[in-house]
Amino acid sequence: MSDPMFVEERRRIILEQLKQHGRVSVKALSELMNVSAVTIRQDLRALEDSGLLERTYGGAVSRESSTIPPELSFHVRLAKRRAEKVAIAAAAAELLEDGCSVALDASTTAYALIPYVKNLKKVTVITNSLLIAQNFLDSPQIQVLVSGGRLRRDSISTVGRPDGLPDINLNIGFFGTRGISLIGGCTEIDPDEVAMKSAMIGRCVHTVILADGSKWGQVAPYTFLRPDKTQHIISTQDAPLDQVEAFRHGGTRVDLVPVE
């Protein structure tokens, strides 16, 4: 018999099945994961308590509040919740120092860090964002290292070749996310973007997730950082406190910043 799945693995599979089919049954999930119906019902109850699905007789259906909306273009996302991005970036900038090496992913919140990084001396930046790299053209004190690969137009980034990232140790990395939850951890829509994020995270001593309060409780299809590996989150004060405290209880530093 194969080793039993961890609780979070089972619940991630349930959410994936729910995303694919819109509804799931206790019987089918029990057979799929080779566990009892009682165990599946416990999982569904926990997921419902987290607001990620709605239980029905014999199974569960998707809950609208847990659905990740389609990905918008970079420039459209850049204009959304702009005040939140500015507040998060200002708090994140306090972690930067002259001479540091920094990873910036292709998220709009990481993009908001650009003016703060430009104020530093002798900084190395690694990024897969073409827009972020371009914005440092007027900053000769900043060495910019970019990844190769395929152009991903939705995020104006390069993906597909995480092994092509420069082999460098980084002091800190800043990463956006489409969702944060105790079930999925930090999640994203595109698997190639996830592979690039994961490769950059693997080079960072300290990793910081940048996400406004609307991202909490959301679960996108692909996990790039598990809950127990999430070191630090900077979010806004509208984040749900029960979920924030759950992450803090697990050892994650969570800073909540006010938005003007």
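Residues numbered from 1 in each chain as written. Predicted model: local features only at pLDDT ≥ 70, side-chain atom pairs only at ≥ 80, totals over all residues. Heavy atoms only, no water.

Enquirer: Whenever I open this one, the overall build of the protein confuses me. Can you help?
Expert: For the protein, the helix and strand inventory stands at ten helices and 15 strands. In summary, the protein has a C-alpha radius of gyration of 19 Å against a globular reference of 18 Å for 260 residues, a match within 12%. In terms of principal-axis extent, the alpha carbons of the protein reach across some 60 × 40 × 35 Å. Per-residue burial for the protein yields a buried fraction of 50% across its 260 residues. Pairs at least 24 apart in sequence give 62% of the contacts found in the protein among residues at least 6 apart. Roughly 12,700 Å² of accessible area belongs to the protein as shown, and the carbon and sulfur atoms make up 51% of that amount. (Helix = DSSP H or I, 4+ residues; strand = E, 2+ residues; numbered from the N terminus. Rg over C-alpha atoms; globule rule 2.2 N^0.38 Å. Buried < 20%, exposed > 50% of the residue type's maximum accessible area, 1.4 Å probe, protein only. Contact = heavy atoms within 4.5 Å. Areas by Shrake-Rupley, 256 points an atom, 1.4 Å probe, with all protein chains shown as cover.)

Enquirer: What should I look at first to understand helix 3 (residues 37-49) in this one?
Expert: Count 3.6 residues to each turn of an α-helix, and residues three or four apart come out pointing the same way. Taking 1.5 Å as the rise per residue, helix 3 with 13 residues should run 18 Å; its terminal C-alpha atoms sit 18 Å apart, in good agreement. Among the residues of helix 3, those classed as buried are T39, I40, D43, L44, L47 and E48. (Expected span 1.5 Å × (residues − 1).)

Enquirer: How should the sheet that holds strand 1 (residues 23-25) be read in this particular structure?
Expert: Strand pairing within a sheet occurs via backbone hydrogen bonds; the two strands may be parallel or antiparallel. Strand order in this open sheet of three strands is 1-3-2, and the pairing throughout is antiparallel. The open sheet has two edge strands with one neighbour each: strand 1 and strand 2 (53-56). On average, each strand axis in the sheet is tilted by 25 degrees relative to the strand beside it, whichever way the strands run. Two elements, strand 2 and strand 3 (residues 59-62), share four bridges in a ladder whose sense is antiparallel. Within the sheet, the bridge partner assigned to E54 lies in strand 3 and is V61. Its contacts with the sheet put helix 2 (residues 26-33) on strand 1 and strand 3, and the angle it makes with strand 1 is roughly 70 degrees. Against the sheet, helix 3 engages strand 2 and strand 3, with an angle of about 135 degrees to strand 2. (Pairing = 2+ DSSP bridges. Axes fitted to C-alpha atoms, helices over the stretch in contact; angles between N-to-C directions.)

Enquirer: Would you mind going over the nonpolar core with me for this structure?
Expert: For soluble globular proteins, nonpolar side chains are generally found buried alongside one another. With 26 residues, the main nonpolar core has L96, L104, L113 and F174 as its most contacted residues. Secondary structure elements with two or more residues in this core: helix 5 (82-93), strand 4 (101-104), helix 7 (114-118), strand 5 (123-127), strand 9 (170-176) and strand 12 (204-210). Ranked by residue count, the leading element in this core is helix 5, at five residues. When residues no more than four places from it in sequence are discounted, the contact partners of L96 are V102, L113, Y116, V117, L120, I172 and F174. Counting residues in each nonpolar core, the second largest holds 23 residues, with L170, M196, C204 and V254 among its members. (Core = buried A, V, L, I, M, F, W, Y, C linked by side-chain atoms within 4.5 Å.)

Enquirer: I keep staring at the pattern of salt bridges and nothing clicks. Help me out?
Expert: Taken as a whole, this structure holds 15 salt bridges when the rule is applied. Residues K197 and D105 are paired through a salt bridge, measuring 2.4 Å at the closest nitrogen-oxygen approach. Placement of the pair is K197 in helix 9 (residues 191-201) and D105 in the loop between strand 4 and helix 6 (108-111), with a sequence separation of 92 residues. With a relative accessible area of 3%, K197 lands in the buried category. On the basis of relative accessibility, which here comes to 0%, the residue D105 falls in the buried class. A salt bridge links D138 to K118; the nearest nitrogen and oxygen atoms lie 3.1 Å apart. With a gap of 20 residues between them, D138 in the loop between helix 8 (130-134) and strand 6 (142-146) and K118 in helix 7 connect regions that are remote in the sequence. Among the residues examined, D138 registers a relative accessible area of 55% and is labelled exposed. Residue K118 is classed as partly exposed on the basis of its relative accessible area, which comes to 25%. Overlapping salt bridges bring together R81, E84, D212 and D238 as one network. (Salt bridge = Lys/Arg side-chain N within 4 Å of Asp/Glu carboxyl O.)

Enquirer: How should I be thinking about the pairing of strand 12 in this particular structure?
Expert: Look at any regular strand and the pattern is simple: side chains alternate between the two faces of the sheet. Of all seven residues in strand 12, five are buried; the element is thus mostly enclosed. When strand 9 meets strand 12, the two strands line up parallel, connected through six bridges. Paired with F175 across the two strands is I209, which belongs to strand 12. Here strand 12 runs beside strand 14 (residues 232-236); their pairing, made up of three bridges, is parallel. Within strand 14, the residue paired with V208 across the bridge is H232.

Enquirer: Help me understand the pairing of strand 14 in this model?
Expert: For strand 14, the tally of buried residues reaches five of five residues, placing the bulk of the element in the interior. Burial along strand 14 is two-sided: H232, I234 and T236 facing one way and I233 and S235 facing the other are all buried. Note on the crossover from strand 14 through helix 10 (residues 241-249) to strand 15 (residues 253-257): the handedness is right-handed. (Right-handed = clockwise from strand over helix to strand, strands pointing away.)

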